[in-house]
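This is what each chain is made of:
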Amino acid sequence: MGWIASAISGLSALLSLIAVILVARINAQDDHAKWLREERVRSAIQLKLAVSQVRVQFSRPGDGRRLDGGQPARAFDFAEVNAAMAHMDLVGSTGTVALVTELRGQLREFVRESTENRPGWRARREALDTTVDSIVETVRKDVVS
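Residues numbered from 1 in each chain as written. Predicted model: local features only at pLDDT ≥ 70, side-chain atom pairs only at ≥ 80, totals over all residues. Heavy atoms only, no water.

A few words now on the pattern of salt bridges. Charged atoms that come close allow side chains of opposite charge to pair. Counted by the stated rule, this structure contains nine salt bridges. A salt bridge links Arg 104 to Asp 89, with the nearest nitrogen and oxygen atoms 2.6 Å apart. Residue Arg 104 is found in helix H3 (residues 94–115), and its partner Asp 89 is found in helix H2 (residues 79–91); the two are separated by 15 residues along the sequence. Look at Arg 104 and you get partly exposed, because its relative accessible area is 24%. On the accessibility criterion, Asp 89 (27% relative accessible area) is partly exposed. Overlapping salt bridges bring together Glu 109, Arg 112, Glu 113 and Arg 124 as one network. (Salt bridge = Lys/Arg side-chain N within 4 Å of Asp/Glu carboxyl O. Helix = DSSP H or I, 4+ residues; strand = E, 2+ residues; numbered from the N terminus. Buried < 20%, exposed > 50% of the residue type's maximum accessible area, 1.4 Å probe, protein only.)

Here you go:
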């Protein structure tokens, strides 16, 4: 009969260990979900700010196609907006990543049309704004749900 008590004690210890592992895993999943939500919001803010910088810089096509006190338009540094889009690609949902892909093309077209002073640059800017707003709304929905 002594061996039954030992077996039950061992089984109880094993079940306690499994419970501790499961609770730790649940906490780790909760922490990861919280981190992911925070990163998605942070990425959306960074992307919106970076796109707004491009938007402001290239919304003056009649300004001799020059930026920041004489720098040619092609000298604008797109590193910040590229980094923001790459970060959104890493942490965003599938829908957000698709919108970021669409945003890349729209940014290229907007910069090209603005730099070449084409008449459609305002329409491209509006499309750009709509896509950025859609990205922010998608992130908001992802974070809330």
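The next thing to look at is the side chain of Glu 39. One can find Glu 39 in helix H1 (residues 2–57). Judged by its relative accessible area of 11%, Glu 39 falls in the buried class. Here Arg 42 takes part through its side chain, which lies 2.3 Å from a polar atom of the side chain of Glu 39. In contact with Glu 39, not counting residues within four places along its chain, are His 87 and Val 91. (Polar contact = N/O pair within 3.5 Å; in protein donor to acceptor, adjacent residues only side chain to side chain. Contact = heavy atoms within 4.5 Å.)

With that settled, consider a nonpolar patch on the surface. Where nonpolar side chains cluster on the molecular surface, the patch consists of Leu 11, Leu 14, Leu 15, Leu 17, Ile 18, Ile 21 and Leu 22 and spans about 660 Å² of accessible area. If you trace the backbone, Leu 15 turns up in helix H1. (Patch = residues over 30% accessible without salt bridge, like charges linked within 9 Å, V, L, I, M, F, W, Y side chains within 5 Å. Areas by Shrake-Rupley, 256 points an atom, 1.4 Å probe, with all protein chains shown as cover.)

The next thing to look at is the packing of H3 against helix H4 (residues 121–144). Two elements in contact, H3 and H4, have axes separated by 9 Å at closest approach and are oriented at 160 degrees. Our classification of the angle between H3 and H4 gives roughly antiparallel. Relative to H4, the crossing made by H3 is left-handed. Contacts between H3 and H4 involve Gly 95, Thr 96, Leu 99, Val 100, Glu 102, Leu 103, Gln 106, Leu 107, Glu 109, Phe 110, Glu 113 and Ser 114 on the former and, on the latter, Trp 121, Arg 124, Arg 125, Ala 127, Leu 128, Thr 131, Val 132, Ser 134, Ile 135, Thr 138, Val 139 and Asp 142. Per-class residue counts for the contact of H3 with H4 are eleven nonpolar, seven polar and six charged. (Axes fitted to C-alpha atoms, helices over the stretch in contact; angles between N-to-C directions. Parallel < 35°, antiparallel > 145°, perpendicular 65-115°, else oblique. Left-handed = near helix turned anticlockwise from the far one by under 90°. Nonpolar A, V, L, I, M, F, W, Y, C, P; charged D, E, K, R; others polar.)

Any residue range with low pLDDT should be treated as having predicted coordinates unsuitable for detailed reading. Looking at the protein as a whole, the pLDDT averages 83, with 87% of positions reaching at least 70. Across the protein, the secondary-structure element scoring lowest on mean pLDDT is strand E1 (residues 66–67), at 46, and the one scoring highest is H3, at 93. A low-confidence stretch, residues 64–70 (pLDDT under 50), is modelled with 15 contacts involving residues beyond four sequence positions or located in other chains. (pLDDT = per-residue confidence, 0-100.)

Under the counting rule described, the total for this entry stands at one aromatic pair. When the ring of Phe 58 is compared with that of Phe 78, the centres are 5.9 Å apart and the planes differ by 20 degrees; the resulting orientation is stacked. Separated by 20 residues along the polypeptide, Phe 58 in the loop between H1 and E1 and Phe 78 in the loop between strand E2 (71–72) and H2 bring together distant segments of the chain. Classification of Phe 58 by relative accessible area gives buried; the value is 2%. (Phe/Tyr/Trp six-rings, centres within 6.5 Å; stacked < 30°, edge-to-face > 60°.)

So, about H2. If you check H2, its first and last C-alpha atoms are 18 Å apart, about what 13 residues at 1.5 Å a residue would give, namely 18 Å. Residues Val 81, Ala 84, Met 85, Met 88 and Val 91 constitute the buried set of H2. The arc enclosing the buried residues of H2, seen along the axis, measures out at 140 degrees, which places them on a common side. (Expected span 1.5 Å × (residues − 1). Arc of directions from axis to C-beta.)

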